[in-house]
Amino acid sequence: MKWICSVSLAVTLAIQPAFADDLIGPHQLTPQARDAFVTDLLKKMTLDEKIGQLRLISVGPENPKSAIRDMIHQGQVGAIFNTVTRHDIREMQDQVMQLSRLKIPLFFAYDVIHGQRTQFPIPLALASSWDTDAIATVGRIAAYEAADDGLNMTWAPMVDVTREPRWGRGSEGFGEDTYLTSVMGRTMVQAMQGKSPADRYSVMTSVKHFAAYGAVEGGRDYNTVDMSSQRLFQDYLPPYKAALDAGSGGVMVALNSLNGVPASADSWLLKDVLRDDWGFKGITISDHGAIKELLKHGVASDPEDAVRIALKSGIDMSMSDEYYSKYLPGLVKKGAVSEKEIDDAARHVLNVKYDMGLFNDPYSHLGPVGSDPADTNAESRLHRAEARDVARKSMVLLKNRLETLPLKKSGTVALIGPLADSQIDIMGSWSAAGVAAQSVTLLQGMKNATADKATLLYAKGANVTDDKGIQDFINLYEKAMTVDTRSPQQMLDEAVATAKKADVVVLAIGEARGMAHEASSRSDLTLPQSQLKLIDALKATGKPLVMVLMNARALTLTHTTQQADAMLESWYSGTEGGNAIADVLFGDYNPSGKLPMSFPRSVGQIPIYYNHLNSGRPYNFEHPNKYTSHYFDEANGPLFPFGYGLSYTQFTLSPVKMSAATMPRNGTVNASVTVTNSGKRDGATVVQLYLRDQVASISRPVKELKGFKRIMLKAGESQTVTFPIDVSALKFWNAKMQQVAEPGKFSVMIGLDSARTVDAEFEYL
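If you're wondering where the values come from, they're calculated on a predicted model, not measured in any experiment.

Peer 1: With reference to specific residues and values, describe the pattern of salt bridges.
Peer 2: Per the stated rule, a full pass over the model turns up 47 salt bridges. Across the pair Arg101 and Glu49 runs a salt bridge, and its minimum N-O distance is 2.8 Å. In this pair, Arg101 sits in the loop between helix H5 (86-99) and strand E3 (107-110) while Glu49 sits in helix H3 (residues 47-52), placing the two residues 52 residues apart along the sequence. Take Arg101: its relative accessible area is 48%, and that puts it in the partly exposed class. Residue Glu49 is classed as buried on the basis of its relative accessible area of 14%.

Here it is, written out as structure tokens:
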């Protein structure tokens, strides 16, 4: 791949600058060498210099460069974020090396969540690939591009399990399942950090948001979380643990409260669990302004009290406020905070700087002077082929009546919809240093696919929404949504006239990216009225209707799905999204994605997730009964279940074959199934293993994902897939908060989604 070749070239060109200060030089990157070095450095530092290391500031209107220069000179800055060009980063690092007493390097961080300059699909879409190789590709390239911009750390991956589609930040995570999120998060950490975060083209990760941020009440961002210890440890904490076990050097602490305690004031969470139980040695960082917010949470009486609580609870670095530098000196002077506590926090900051290799070379991610790219946004810095490949793997075919798809590259195709030609929306939320002008829209992708083969017509048809309040909200801080000034009827008439000229209509609908972002929680998950009217009008033409969804959450699509002849979930598919979607629509790629989140029929069903506990009166779909757990006013169960996704071919499964009827204590059994591509096209699918503990000391989920394997089969080909099952797959947290595997019978369910499986069982002795 292009990026691998350029790595070796850059390493060859790199030179090691010489520094007078004895802090900078060749250091062994081992924990023992680090601890000795940091201990010696702390002895040389004043209290103010230690406190300065705890400050993470954001470049922007509140901190202009002149002010930053003064803060650096006074030793009041430990790290900086929101600067993404080598020139600016080099200039600030120069100021440290020239102006500060001890010349302790800064580290530079940014939200590199699904790519730095090349935008890959959003994380929720990446999870839809169920492809760890694809995730690793995204992580490696994102780290390469971030490091090539001079960055040392990313605020990623986000591993907040969420069963709440109303929550806008679900777009940044990997969906509703603990196991899938753990696998994806671990893979991303390993890919981004590589062998060492000190390597030229690796970055340190800071896993977020610790903890349980995805469970905010009502899906309202920044809201409270209240849950049992069993649910916390069983469902929500494992992905953070998996990311930390993979080596993540940082943890970003959540903004929510957990069982009444704000995460930034939760010493049990940050010390007892994170440090003592899990043995974490890295850095904890508050989320943006979280220490100030302890006052509004009502757990701190004044700013000084907020600082005391945060520092003593285990917050090492304060993001984007001046509270630590302003109040910690006085707190130490009057004995409310000990200097040892300051030392502990500063040690964690210095540890990660050491692990980043900054004490060997503060400019390690910048290259030699004069090597900065002439054009920061140069096309040559992108990785389009990889972005296109991953985007194709991330798409989920939800419906395909009478084989409407794939489309033929002939005749006349009408492309209609408010998202068909939006470069900014197809990139998705948190698009880092991505440039909208470099992204390929669906219109451009379909033009590329149909050139000289078919006639392609286009009409916008509607705005994403005609609600002025929502338009203003989306455009509050940036011009993120372009509103067509024509009347809704004029746009609708044009769309209908365009559709009537075509053999088939492709309709690009969904959400503007600002509708599925931080601070963008929704109470209504249906499509906006402007788009529903457009669908009705196009359906009335009688033309085959292919809907392409662009969104970042599970939507309620019951009626819309009925109107569609085919429906493709493309999410926000990134820089090469338009080409990737066209590849799938025209059959150049056979879709293979699977949903990482259940799609509800209505908001009233939320939370709806596949691995729920049973009740004493479970609903039976085959034999409904009034006095059971269900809704009486609509069909029960999700519209589309977790793990669901169609293909242009068909797959069949054999019965499950167990290697043994019993599993000895701490032993293993194997569950095997033969998968056959019984259709006419080559294609990939994802085989999924679910387990159920039939009888336990506490109620256990009806099924839990415990393994998956993505396989590629030619038409007519068969492959046997085997899943080893060991005791770790059987363990759970019991009522006494002990992690145990209890003897008894277990159901084994293997399928291509969570709802339709072939089953067997074994007994754990």
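We are not done yet, so read on.
Peer 1: Could you give an account of the pairing of strand E12 (residues 412-416), naming the residues involved and the relevant values?
Peer 2: A large share of E12 lies buried, amounting to five of its five residues. Burial along E12 is two-sided: the residues Thr412, Ala414 and Ile416 and Val413 and Leu415 are all buried. Relative to strand E13 (residues 455-459), E12 runs parallel, the two being bridged by five bridges. When the sheet's bridge partners are listed, Thr412 is paired in E13 with Thr455.

Peer 1: Can you tell me about the confidence of the model for the protein chain, naming the residues and giving the values?
Peer 2: With 97% of its residues at a pLDDT of at least 70, the protein chain reaches an overall mean of 95. Contacts of residues 1-20 to residues separated by more than four positions or lying in other chains number 28 contacts, the stretch itself having pLDDT below 50.

Peer 1: Can you explain the side chain of Ser318? Please cite residues and give values.
Peer 2: Locating Ser318 in the fold gives a position in strand E10 (residues 318-319). On the basis of relative accessible area, Ser318 is assigned to the buried category, the value being 0%. Discounting chain neighbours no more than four positions away, the residues touching Ser318 are Leu54, Arg55, Leu56, Ser286, Ile291 and Tyr324.

Peer 1: Quick rundown of the nonpolar core? Include the residues and the values.
Peer 2: Leu41, Phe107, Met153, Trp155, Phe210, Tyr324 and Leu328 are the most contacted members of the largest nonpolar core, which has 135 residues in total. Element by element, the count of residues in this core is highest for helix H7 (residues 132-148), at nine residues. Those residues within four positions of Met153 in sequence are excluded, and the remaining contacts are Phe107, Phe108, Ala109, Tyr110, Val203, Met204, Thr205, Ser206, Ile283, Ile285 and Met356. Within the second largest apolar cluster, 76 residues are counted, among which are Met395, Val396, Ala462 and Phe586.

Peer 1: I'd like to hear about the packing of helix H8 (residues 178-193) against helix H10 (residues 238-245), residue by residue, with values.
Peer 2: Where H8 meets H10, the axes come as close as 8 Å, and the angle between the chain directions of the two elements is 25°. When the axes of H8 and H10 are compared, the pair comes out roughly parallel. Like other packed secondary-structure pairs, H8 and H10 cross with a definite hand, here right-handed. Contact residues: H8 offers Thr178, Thr181, Ser182, Arg186 and Val189, while H10 offers Pro238, Pro239, Ala242 and Ala243. Among the residues forming the contact of H8 with H10, the class breakdown is five nonpolar, three polar and one charged.

Rules behind the numbers
Residues numbered from 1 in each chain as written. Predicted model: local features only at pLDDT ≥ 70, side-chain atom pairs only at ≥ 80, totals over all residues. Heavy atoms only, no water. Salt bridge = Lys/Arg side-chain N within 4 Å of Asp/Glu carboxyl O. Helix = DSSP H or I, 4+ residues; strand = E, 2+ residues; numbered from the N terminus. Buried < 20%, exposed > 50% of the residue type's maximum accessible area, 1.4 Å probe, protein only. Pairing = 2+ DSSP bridges. pLDDT = per-residue confidence, 0-100. Contact = heavy atoms within 4.5 Å. Core = buried A, V, L, I, M, F, W, Y, C linked by side-chain atoms within 4.5 Å. Axes fitted to C-alpha atoms, helices over the stretch in contact; angles between N-to-C directions. Parallel < 35°, antiparallel > 145°, perpendicular 65-115°, else oblique. Left-handed = near helix turned anticlockwise from the far one by under 90°. Nonpolar A, V, L, I, M, F, W, Y, C, P; charged D, E, K, R; others polar.

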